[in-house]
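# Secondary and tertiary structure notes
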Amino acid sequence: MEELCHFINGKRVKGTSGRFADVYNPATGEVQARVPLASQQELDAAVADAAKAQVKWGATNPQRRARVMMEFVRLLNRDMDKLAEKLSSEHGKTFPDAKGDVQRGLEVIEFCIGAPHFMKGEFSDGAGPGIDMYSMRQPLGVAAGITPFNFPAMIPMWKMGPALSAGNAFILKPSERDPSVPLMLAELLQEAGLPDGVLQVVNGDKEAVDAILDNETIQAVGFVGSTPIAEYIYGRGCSNGKRVQCFGGAKNHMIVMPDADMDQAADALVGAGYGAAGERCMAISVAVPVGEKTADRLIEKLVPRIEKLKVGPYTAGDDVDYGPVVTAAAKEKILGLVESGVKQGAELVVDGRGFKLQGYESGFFVGPHLFDRVTPEMDIYRQEIFGPVLCQVRADSYDDALNLVMDNEYGNGTAIFTRDGDTARDFASRINVGMVGVNVPIPVPLAYHTFGGWKKSGFGDLNQHGPDAFRFYTRTKTVTSRWPSGLKEGGEFHFKQMD
Ligand code: NAD
């Protein structure tokens, strides 16, 4: 069995804490590796070295830092298949999905090549007699990122790309469930020219996370994961005086209006509800058809499509629609919620319970499920299932559908399917959710816009990637300068003269 490492000061380094976590192949259920779980001492030592390495990196001109990102993009493309293969084997998602995971991270790295532009400050010439005023963006020093299992390439790149290109050193604490790809990314960055120590990948669990939150050198923490952990990290990080942004869980609704193209809506729901086994924070988990007739038509269209879905291991090729979920515990939680849905009176229209895949009986596969007549009090509506389970909540009117989404505690993504521009515009303008799709089920913004949810899906002021990322990983300093020749011309300086 492979023993994984940390990546410290440019090298793979064995863990010294004596604690490990198992890394599974979710398709077979076998343990394929173990990953060391760092102690506070290991984390603190990595941070101390990162702080030393940051001094030179932060003083390197932004163009040179951008060139490292440019080379990183080339290497990511070169190793795309290798990265995707490893990603699929630890996460379970299909090979095309795994390539998409790397690709969406890579696009943020491409955006980071423009870092010199985002690092530019502002200048006011002659703000007073002989006085110039200018502001500059400076790196924070050492920043950290704590990332989830479901996008082990994309989310680490969303965090480290902007942080590093802005001149920070970065501590990445990836998910302990699929830690290999982040280590490979660190090696590629080193090959691309990143100096040793500037990026430290420290594997671990709560102990390493708490060490990050309590470490006085770390200035900023970016987190992505479930809402309870997001709240915990936000609270502890902020009370320790750090800049913190946390992106949490989701319950994304898709409203289907009576005038929607029903085939298009059904295709969208199947892709967005069951793709990646529902393990996406932007997955649609709730369909909200408006009117009984729309609901009946939607069910009619959905059932045959869902029954045709092919569930299998990534090794079965492009034919597979989705793979296993990440762990046996995840599978158990999903099936437990399905049972609760049945008990609480929802109608299980497609029943994936008892799904078994020949030759992969120990794998963590979950068959597709579709519930109709779900109500907001049920656990399957209230909790994030994070599995291949779509719930249909019937709404009597557009306003009822809108209010359902407004009242939900999560606010990551949402969508409306309609042919009516007025309705779509009203929805996009009034809804209290961070990312909205109009006839687009998974409205993930591209790298040059920003990504972030509202309500219990996001904590902190700034979003991920796009210009916000550079604001998050830098701080502004404003300089007011006065030179003697100005004094001669304007006489003695008084602040009043600047009004
Ligand atoms: P998770 O919250 O279990 O873990 C996320 C990270 O937190 C991991 O690195 C993990 O090691 C660490 N962690 C776990 N328990 C901890 C604890 N008690 N104390 C301190 N740290 C702890 O999330 P996950 O299961 O890896 O990922 C799935 C979740 O992430 C879902 O809720 C999903 O919606 C969410 N997610 C959100 C976004 C977004 O942008 N909003 C994107 C992707 C995933």
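Here the structure is a predicted model, which is why all the values come from computation and not from measurement.

### Topic: the side chain of Asn408
For Asn408, the location among the structural elements is in the loop between α14 (398–407) and β18 (410–411). Side-chain polar atoms of Asn408 contact the backbone nitrogen of Tyr410, separated by 2.9 Å. Look past the residues within four positions of Asn408 in its chain and what remains in contact with it is Lys251, His253, Tyr381 and Lys455.

### Description of the domain arrangement of the protein chain
In terms of domain boundaries, the protein chain breaks down into domain 1 (2–248 + 457–480) and domain 2 (252–438). Taking the mean C-alpha position of each, domain 1 and domain 2 sit 31 Å from one another. Facing 22 residues of domain 1, the contacting portion of domain 2 comprises 24 residues. Between domain 1 and domain 2 the total buried area reaches about 1,900 Å² when both faces are included, carbon and sulfur atoms providing 63% of it. If you sort the residues of domain 1 by the area they bury against domain 2, Ala27, Thr94 and Ser457 come out on top, with a joint share of 26%. One can count one salt bridge joining domain 1 with domain 2. When the shortest N-O distance is used, the salt bridge between Asp97 and Arg280 registers 3.4 Å. For the pair domain 1 and domain 2, the number of links is six residue pairs in polar contact (both at pLDDT 80 or more). Where the side of domain 1 that touches domain 2 is concerned, the elements lending two or more residues are α3 (80–91) and α4 (95–112). Element by element, the count of residues in the side of domain 1 that touches domain 2 is highest for α3, at five residues. The residue inventory of the side of domain 1 that touches domain 2, partitioned by class, reads seven nonpolar, 10 polar and five charged.

### Considerations on the site of the ligand
Around the ligand lies a shell of 28 residues, among which Thr147, Lys173, Glu176, Ser226 and Glu384 are the nearest. Arg177 places a polar side-chain atom, nitrogen or oxygen, 3.3 Å from an oxygen atom of the ligand. For the ligand, an oxygen atom lies 3.3 Å from a polar atom in the backbone of Gly225. Calculation on the ligand without its partners gives an accessible area of 840 Å², and the protein chains cover 89% of this total. Partitioned by chemical class, the residues of the shell around the ligand number 14 nonpolar, nine polar and five charged. Each of two domains, domain 1 (2–248 + 457–480) and domain 2 (252–438), supplies a minimum of three residues to the shell around the ligand.

### A closer look at the packing of α3 against helix α7 (residues 180–191)
The contact between α3 and α7 brings their axes to 9 Å, and the two run at 160 degrees. What the angle tells us is that α3 and α7 run roughly antiparallel. From α3, Lys82, Leu83, Lys86, Leu87 and Glu90 reach across to α7, where they touch Ser180, Val181, Met184, Leu185 and Leu188. Split by residue class, the contact of α3 with α7 holds six nonpolar, one polar and three charged.

### Overview of the sheet that holds strand β5 (residues 30–36)
Strand order in the open sheet made by the three strands is β1-β5-β4, with mixed pairing throughout. For this open sheet the edge positions go to β1 (2–3) and β4 (20–25), each flanked by a neighbour on one side alone. By the bridge criterion, two bridges tie β1 to β5 in an arrangement that is parallel. Bridge assignment links Glu2 to a residue of β5, and that residue is Ala33. Contacts from α3 reach β1, β4 and β5 within the one sheet, and its direction differs from that of β4 by about 105 degrees.

### Overview of the packing of helix α10 (residues 262–274) against helix α11 (residues 292–307)
Look at α10 against α11: their axes get within 9 Å of each other, and the N-to-C directions meet at 55 degrees. On the basis of their axis angle, the class for α10 and α11 is oblique. Crossing of α10 against α11: the hand is right-handed. Between α10 and α11, the residues in contact are Met262, Asp263, Ala265, Ala266, Asp267, Leu269, Val270 and Tyr274 and Thr294, Arg297, Leu298, Lys301, Leu302, Arg305 and Ile306, respectively. Residue composition of the contact of α10 with α11, by class: nine nonpolar, one polar and five charged.

### Examining the packing of aromatic side chains
Summed over all chains, the structure comprises 11 aromatic pairs. Taking the centre distance of 6.1 Å and the plane angle of 20 degrees together, the rings of Phe123 and Tyr134 count as stacked. Taken together, the positions of Phe123 in strand β6 (residues 122–128) and Tyr134 in strand β7 (residues 131–139) put the pair 11 residues apart, joining distant regions of the chain. Between Trp158 and Phe451, the ring centres sit 4.9 Å apart and the planes meet at 55 degrees, which makes this aromatic pair tilted. With a gap of 293 residues between them, Trp158 in helix α6 (residues 154–165) and Phe451 in the loop between β20 (435–438) and β21 (454–455) connect regions that are remote in the sequence. In this structure Trp158 comes out as buried when scored by relative accessible area, which is 5%. Ring pairs connect the aromatic residues Phe111, Phe118 and Phe470, which therefore count as one cluster.

### Regarding the sheet that holds strand β23 (residues 474–482)
Strand order in the open sheet formed by three strands is β6-β7-β23, with antiparallel pairing between adjacent strands. Two strands lie at the open edges of the sheet, namely β6 and β23, each paired on one side alone. The mean angle between the axes of side-by-side strands here comes to 20 degrees, regardless of whether they run parallel or antiparallel.

### Structural notes on the side chain of Arg65
Within the fold, Arg65 resides in helix α2 (residues 62–78). Buried Arg65, no salt bridge; nearest opposite-charge side chain is Asp196, N-O distance 16 Å.

### Overview of the environment of Gly100
Here Gly100 is to be found in helix α4. Judged by its relative accessible area of 29%, Gly100 falls in the partly exposed class. Measuring from C-alpha to C-alpha, the distance between Gly100 and Phe151 comes to 9.7 Å, with 51 residues separating the pair along the chain.

Basis of the calculations
Residues numbered from 1 in each chain as written. Predicted model: local features only at pLDDT ≥ 70, side-chain atom pairs only at ≥ 80, totals over all residues. Heavy atoms only, no water. Helix = DSSP H or I, 4+ residues; strand = E, 2+ residues; numbered from the N terminus. Polar contact = N/O pair within 3.5 Å; in protein donor to acceptor, adjacent residues only side chain to side chain. Contact = heavy atoms within 4.5 Å. Domains from an automatic or database assignment. Buried area = accessible area lost by both parts, 1.4 Å probe. Salt bridge = Lys/Arg side-chain N within 4 Å of Asp/Glu carboxyl O. Nonpolar A, V, L, I, M, F, W, Y, C, P; charged D, E, K, R; others polar. Near = heavy atom within 4 Å. Areas by Shrake-Rupley, 256 points an atom, 1.4 Å probe, with all protein chains shown as cover. Axes fitted to C-alpha atoms, helices over the stretch in contact; angles between N-to-C directions. Parallel < 35°, antiparallel > 145°, perpendicular 65-115°, else oblique. Pairing = 2+ DSSP bridges. Left-handed = near helix turned anticlockwise from the far one by under 90°. Phe/Tyr/Trp six-rings, centres within 6.5 Å; stacked < 30°, edge-to-face > 60°. Buried < 20%, exposed > 50% of the residue type's maximum accessible area, 1.4 Å probe, protein only. Lys, Arg positive; Asp, Glu negative; His and termini not counted.

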